There are 2 protein chains.
Amino acid sequence: MPARPTGHEVLAAVLQVREDALQVLLWQRGKEPDRGRWALPGGTLGDTEDVEESVRRQLAEKVDVREVTHVEQLGVFSAPERVPGIRLVATAFLGLVPSDADPAVPADTAWFPVADLPPTAFDHAEIVHDARDRLRAKLSYTNLGFALAPREFTISALRELYVAALGHPVSATNLQRVLTRRHVLAATGETAPPGPAGGRPAAVFRFTERALRVTDASAVLRPPGSRDSAGDGAVRPVP
Amino acid sequence: MPARPTGHEVLAAVLQVREDALQVLLWQRGKEPDRGRWALPGGTLGDTEDVEESVRRQLAEKVDVREVTHVEQLGVFSAPERVPGIRLVATAFLGLVPSDADPAVPADTAWFPVADLPPTAFDHAEIVHDARDRLRAKLSYTNLGFALAPREFTISALRELYVAALGHPVSATNLQRVLTRRHVLAATGETAPPGPAGGRPAAVFRFTERALRVTDASAVLRPPGSRDSAGDGAVRPVP
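Residues numbered from 1 in each chain as written. Chains lettered and ligands numbered in written order. Predicted model: local features only at pLDDT ≥ 70, side-chain atom pairs only at ≥ 80, totals over all residues. Heavy atoms only, no water.

All names here are of chain A. For helix α4 (residues 172–181), the full list of buried residues reads L175, V178 and L179. All buried residues of α4 project into a common sector of 90° when viewed along the axis, lining one side. Here the buried face of α4 lies against α3 (155–166) and β9 (185–192). Directly beyond the C-terminal end of α4, a positive phi value near 60° is found at H183. (Buried < 20%, exposed > 50% of the residue type's maximum accessible area, 1.4 Å probe, protein only. Helix = DSSP H or I, 4+ residues; strand = E, 2+ residues; numbered from the N terminus. Arc of directions from axis to C-beta. Contact = heavy atoms within 4.5 Å.)

So, about the UniProt feature "domain: Nudix hydrolase" (unreviewed entry) in chain A. On the UniProt side, "domain: Nudix hydrolase" (unreviewed entry) is annotated at positions that read residues 6–136 of chain A here. As annotated, residues 6–136 of chain A has a helix share of 17% and a strand share of 37%, and its two end C-alpha atoms lie 33 Å apart. (UniProt positions renumbered as here; feature names shortened; annotations may be inferred.)

Counting across every chain of the model gives five aromatic pairs over all chains. Measuring from centroid to centroid gives 4.6 Å for W38 of chain A and F112 of chain A, while their planes differ by 70°, and the two rings are edge-to-face. Residue W38 of chain A is found in strand β3 (residues 38–39), and its partner F112 of chain A is found in strand β7 (residues 109–113); the two are separated by 74 residues along the sequence. Take W38 of chain A and F112 of chain A: they sit in the same class, and that class is buried. Measuring from ring centre to ring centre gives 5.4 Å for F153 of chain B and F207 of chain B, while their planes differ by 55°; the resulting arrangement is tilted. Taken together, the residues span a long stretch of sequence, with F153 of chain B in strand β8 (residues 153–154) and F207 of chain B in strand β10 (residues 202–207) at a distance of 54 residues. (Phe/Tyr/Trp six-rings, centres within 6.5 Å; stacked < 30°, edge-to-face > 60°.)

Under the definition given, this model contains 22 salt bridges over all chains. Measuring nitrogen to oxygen at the nearest pair gives 2.7 Å for the salt bridge that ties R82 of chain A to D123 of chain A. In this pair, R82 of chain A sits in the loop between β5 (70–77) and β6 (87–96) while D123 of chain A sits in the loop between β7 and α2 (124–141), placing the two residues 41 residues apart along the sequence. With relative accessibility at 14%, the residue D123 of chain A sits in the buried group. The partner of K138 of chain B in a salt bridge is E72 of chain B, and the shortest N-O contact between them spans 3.0 Å. Pair noted here: K138 of chain B is in helix α2 (residues 124–141) and E72 of chain B is in strand β5 (residues 70–77), with a separation of 66 residues, a long-range link. With respect to class, K138 of chain B is no different from E72 of chain B; both count as buried. When salt bridges with common partners are traced through the structure, they connect E9, R82 and D123 of chain A into a single cluster. (Salt bridge = Lys/Arg side-chain N within 4 Å of Asp/Glu carboxyl O.)

The next subject is helix α3 (residues 155–166) of chain B. Spacing of three or four residues puts side chains on the same side of an α-helix, whose turn is 3.6 residues. Look at α3 of chain B: 16 Å from first C-alpha to last across twelve residues, which is about the 16 Å you get at 1.5 Å a residue. Phi turns positive, to about 75°, at G167 of chain B, one or two residues after α3 of chain B. (Expected span 1.5 Å × (residues − 1).)

Rotating chain B by 180° about the axis while translating it 0.0 Å along that axis superimposes it on chain A, leaving an RMSD of 0.0 Å. Each copy turns onto its partner about a two-fold axis. Both copies share a contact surface, since 100% of the interface residues of chain B are interface residues in chain A too. (Least-squares fit on C-alpha atoms with pLDDT ≥ 70 in both.)

Residue and element names in this part refer to chain A. Positionally, L135 belongs in helix α2. Sequence separation between L135 and R37 is 98 residues, and the spatial gap between their C-alpha atoms is 25 Å. Once you skip the residues sitting within four places of it in the chain, L135 turns out to touch L15, L22, L94, L96, L144, L148 and A165.

What follows is about the interface of chain B and chain A. Each side of the interface is counted separately: chain B has 54 residues, and chain A has 54 residues. In total, about 4300 Å² of surface goes out of reach between chain B and chain A, with carbon and sulfur atoms giving 58% of it. Counting across the chain B and chain A interface gives zero salt bridges. Applying the counting rule to chain B against chain A returns eleven residue pairs in polar contact (both at pLDDT 80 or more). Those elements that provide at least two residues to the side of chain B that touches chain A are β1 (6–18), α1 (51–59), β5, β6 (87–96), α2, α3 and α4 (172–181) of chain B. With six residues, the single largest contributor to the side of chain B that touches chain A is α2 of chain B. The residue makeup of the side of chain B that touches chain A, split by class, is 25 nonpolar, 15 polar and 14 charged. (Buried area = accessible area lost by both parts, 1.4 Å probe. Polar contact = N/O pair within 3.5 Å; in protein donor to acceptor, adjacent residues only side chain to side chain. Nonpolar A, V, L, I, M, F, W, Y, C, P; charged D, E, K, R; others polar.)

Right, here's the structure in full:
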């Protein structure tokens, strides 16, 4: 089956918990097709780069990539008519930004709640929803929470991040129990002052690691010595 | 950055446990480049198909795809010089065949142990090793064993499959305990006759489900009602 000219683009769904909601970074298209609609950062794969290098380069045009703590391949989106007029295959990435970062973004770029997207370009809403689903799944069997959280946090603050990302209630007690049992959290020994409602000072925690690891594998089946056993080609946006 | 013409291909690393070893299906190239080397099934993405449809179509040329019980996107391989002379981006898939199937394959096609590959074409050895790593990881936190096993099996036979796939020892007792606790296995009520060494008849089991599911997620963090929470775009090779 001969193929018409095929372009290849990379796209990044960069997610962050902002104002108690999981949000995604979008930019407003200034040209047809889909002028005025909101799109994921990205662009054409260059001649001398692979898709990981390309997404880092193109993300850097929209956001300070030093703020992006985790990037991984999400999948290939390749419906023949996904972009009108040309054949364009997209490799999509999931990117995560910790909640205490507020990266500068260009004037055409803004954050939107994943649950309340503006009119989006092409198949970008589907990509955003797939990114959200991947994040939710990995929060349940990996330590990926590290990529959404500040370096140090109280359990109460961490719970708010998980609730926003998962979209369902989680008790602080259960969250602390699960993450402690999985050796994902460590107490720093510090305490945070009470909030405006008073109460006792709260213990401060950090993630024990800041690289992706499967935490919920059945130990007897886990490959010996495996670290990132998710095997999903996670890449760092900054060397 | 303007792009030179980019081709897009799909490739499938189809794995099966055969003769107590994890093996991969390869075909021997009859033309340059890399003539005589062994390659993964696949080919150029057609104009009117997406990558999932394409891999199903092209796999069907090498193997009876009804025998392939699970197919999922593995990742994009896109190094600029991965194929000499042209820019060719590959979407790679992982496919799994149960151990009791022996699909007919063409004369240029054969199974090879993943641990002892013949000279391979291009970056195909890297893709095979990534497929093996993905399988090993998912065996530890999902029910993916269903795709390697016959419909019904003894624990002893299942253990041999897991040992071959994981590449490390697993005791039958631990395997049964873990998979039973995760509600992955169910006893059929039947027994298998003793082997040549004698002994008691062995209980026969089956997998409770034959679609991918994360089994080892922390329950309090799992998305409510999620089924395939791996969120990795698993596709069936046959509708």
